[in-house]
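Below are the chains, spelled out letter by letter.
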Amino acid sequence: MRIGELSERTGVSRRMLRYYEEQELIASRRCANGYRDYPEPCVDRVQQVRGLLDAGLSTQTIRRILPCLGPPGRIDIPNPTPETIALLELECARMSQRIDQLTRNRDAMTAYLADVRKAAPAEPAA
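Residues numbered from 1 in each chain as written. Predicted model: local features only at pLDDT ≥ 70, side-chain atom pairs only at ≥ 80, totals over all residues. Heavy atoms only, no water.

Per an unreviewed UniProt entry, the protein goes by MerR family transcriptional regulator and derives from Streptomyces bikiniensis.

Written out as structure tokens, the structure is:
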């Protein structure tokens, strides 16, 4: 599939897809006309990469674990090295910190909105 279709199917911009390719997170082949051609499994791979980036992993870390990514939502690492285990433990700890921070921010916003709603004048009945 061409880059436009991959972009539409994944919700990731063409520019970002080119960046993923530059970072060796996805691969395409070039057609005779120079257009990129992506295989069907790239749809799942792009969604996995997007999820890992959203979770805060760097492209360098993602590149290291890409060979271990199975179906979406799974990481299968046969015979993991101590370095790989340490890297994943570090990333899990960083994710937990981000989750805690996001939870605090959400709770603060929720409290603020509750205060604003209480202070807002009641709308007259029709």
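Turning our eyes to something else, we now look at the side chain of D37. On the secondary structure map, D37 appears in strand 2 (residues 36–37). Sequence-distant contacts of D37, that is, excluding residues within four places in its chain, are made with M1, S28, R29 and C31. (Helix = DSSP H or I, 4+ residues; strand = E, 2+ residues; numbered from the N terminus. Contact = heavy atoms within 4.5 Å.)

Our focus in this paragraph is the pattern of salt bridges. According to the stated counting rule, one finds 7 salt bridges in the structure shown. In this structure, E21 and R36 form a salt bridge, with 2.9 Å as the shortest nitrogen-oxygen distance. Taken together, the residues span a long stretch of sequence, with E21 in helix 2 (residues 14–22) and R36 in strand 2 at a distance of 15 residues. R29 is the salt-bridge partner of D37, the closest N and O atoms lying 3.3 Å from each other. When its relative accessible area of 51% is taken as the criterion, R29 is described as exposed. (Salt bridge = Lys/Arg side-chain N within 4 Å of Asp/Glu carboxyl O. Buried < 20%, exposed > 50% of the residue type's maximum accessible area, 1.4 Å probe, protein only.)

On to helix 1 (residues 3–10), then. Spacing of three or four residues puts side chains on the same side of an α-helix, whose turn is 3.6 residues. Listed as buried for helix 1 are I3, G4, L6, S7 and T10. When helix 1 is viewed along its axis, its buried side chains cluster within an angular range of 165° and face the same direction. Here the buried face of helix 1 lies against helix 2, strand 2 and helix 3 (42–54). Count one or two residues on from helix 1 and you reach G11, which has phi positive near 75°. (Arc of directions from axis to C-beta.)

This part covers the nonpolar core. Counting 20 residues, the largest nonpolar core has L6, L17, Y20, I26 and I62 as the members making the most contacts within it. Of all elements in the fold, only helix 1, helix 2, helix 3 and helix 4 (59–65) reach the threshold of two or more residues within this core. When residues of this core are assigned to their parent elements, the largest contribution, 6 residues, is made by helix 3. (Core = buried A, V, L, I, M, F, W, Y, C linked by side-chain atoms within 4.5 Å.)

For helix 5 (residues 82–119), spanning 38 residues, the distance from its first C-alpha to its last is 56 Å, which sits close to the expected 56 Å at 1.5 Å a residue. Taken as a whole, helix 5 has its buried residues at T84, L87 and E91. Tucked into the core, helix 5 has its buried residues touching helix 4. (Expected span 1.5 Å × (residues − 1).)

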